[in-house]
2 protein chains.
Amino acid sequence: MPIARLTDAELDAALAELPRWSLRADGLALEADLKFADFNAAFGFMTRVAIYAEKADHHPEWFNVYNTVRVTLTTHDADGLSQRDVAMARFIEGVV
Amino acid sequence: MPIARLTDAELDAALAELPRWSLRADGLALEADLKFADFNAAFGFMTRVAIYAEKADHHPEWFNVYNTVRVTLTTHDADGLSQRDVAMARFIEGVV
């Protein structure tokens, strides 16, 4: 069963709530660049998100180099953004 | 102290030894696309490499989405490839 895409109003509310996150140019993903003290801290963060991702059955796309992590959130089953992405962004804000 | 770059002969030997890896277009990095059974396996692999990276004080650049990991190895202190990258690629071949 496809997952519902965010409405424009839901997307606006999510972006207002999540100032660190921006909409990808194509409008289909949320992106954030996160910076940590060092690689240990960056990978520790990734580990917390990985455990969340498995529990939620929703996984990030991410790029890491040393103390930085670029996270991209999208929902393939929705061909765009869904509440799963908002929930993951909120989780990330709680542990970053 | 800068780290020695691989000579052409050393680079040729490394590429011959590491068939999964290719030279980035600019010649300054090794790249490999790795595929795993699922996210759990992919992130488990990343965790093993992360622990190695901290011990070796040499860190990968990598992109993960679900069961795939794209790894890029380069040595910033060498402005290109060094034996540290070859050692990390060898480690990865042992756990992939």
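As shown above, the structure is provided for reference.
Just so it is clear, the model here is predicted, and its values are computed rather than measured.

Scanning all chains against the criterion turns up nine aromatic pairs over all chains. Among the aromatic residues, ring-to-ring pairing joins Phe39(A), Phe43(A), Trp62(A), Phe39(B), Phe43(B) and Trp62(B) into one connected group.

Here the focus is the pairing of strand E4 (residues 68-73) of chain B. Residues and elements named next belong to chain B. Bridge analysis of strand E2 (residues 30-35) against E4 gives six bridges, and the strand direction is antiparallel. Bridge pairing in E4 links alanine 32 to valine 71. Summarising the sheet, strand E3 (residues 61-65) and E4 pair through five bridges and their orientation is antiparallel. Counted as the bridge partner of tryptophan 62 is valine 71 from E4. Once E3 ends, the chain turns through two residues before running back antiparallel as E4, passing tyrosine 66 with a positive phi of about 50°.

With that out of the way, let us pick up the environment of Tyr52(A). All names here are of chain A. Here tyrosine 52 shows up in helix H2 (residues 39-56). The exposure class of tyrosine 52 is partly exposed, given its relative accessible area of 21%. Look past the residues within four positions of tyrosine 52 in its chain and what remains in contact with it is Ala87, Met88 and Phe91.

A separate point is the interface of chain A and chain B. Counting from both sides, the interface comprises 16 residues of chain A and, opposite them, 16 residues of chain B. When the two sides are added together, the surface that chain A and chain B hide from each other amounts to roughly 1,500 Å², 71% of it contributed by carbon and sulfur. Three residues, Phe39(A), Phe43(A) and Trp62(A), lead the burial of chain A against chain B; their summed loss comes to 36% of the area buried on that side. Our count for the contact surface shared by chain A and chain B stands at zero salt bridges. Listed by contribution, the elements that provide at least two residues to the side of chain A that touches chain B are H2 and strand E3 (61-65) of chain A. Of the residues forming the side of chain A that touches chain B, the biggest block, eight residues, is contributed by H2(A). Tallied by class, residues from the side of chain A that touches chain B come to 10 nonpolar, four polar and two charged. For E3(A) and E3(B), the ladder comprises five bridges, and the chain directions are antiparallel. Bridge assignment links Val65(A) to a residue of E3(B), and that residue is Glu61(B).

Rules of the game
- Residues numbered from 1 in each chain as written.
- Chains lettered and ligands numbered in written order.
- Predicted model: local features only at pLDDT ≥ 70, side-chain atom pairs only at ≥ 80, totals over all residues.
- Heavy atoms only, no water.
- Phe/Tyr/Trp six-rings, centres within 6.5 Å; stacked < 30°, edge-to-face > 60°.
- Pairing = 2+ DSSP bridges.
- Helix = DSSP H or I, 4+ residues; strand = E, 2+ residues; numbered from the N terminus.
- Buried < 20%, exposed > 50% of the residue type's maximum accessible area, 1.4 Å probe, protein only.
- Contact = heavy atoms within 4.5 Å.
- Buried area = accessible area lost by both parts, 1.4 Å probe.
- Salt bridge = Lys/Arg side-chain N within 4 Å of Asp/Glu carboxyl O.
- Nonpolar A, V, L, I, M, F, W, Y, C, P; charged D, E, K, R; others polar.

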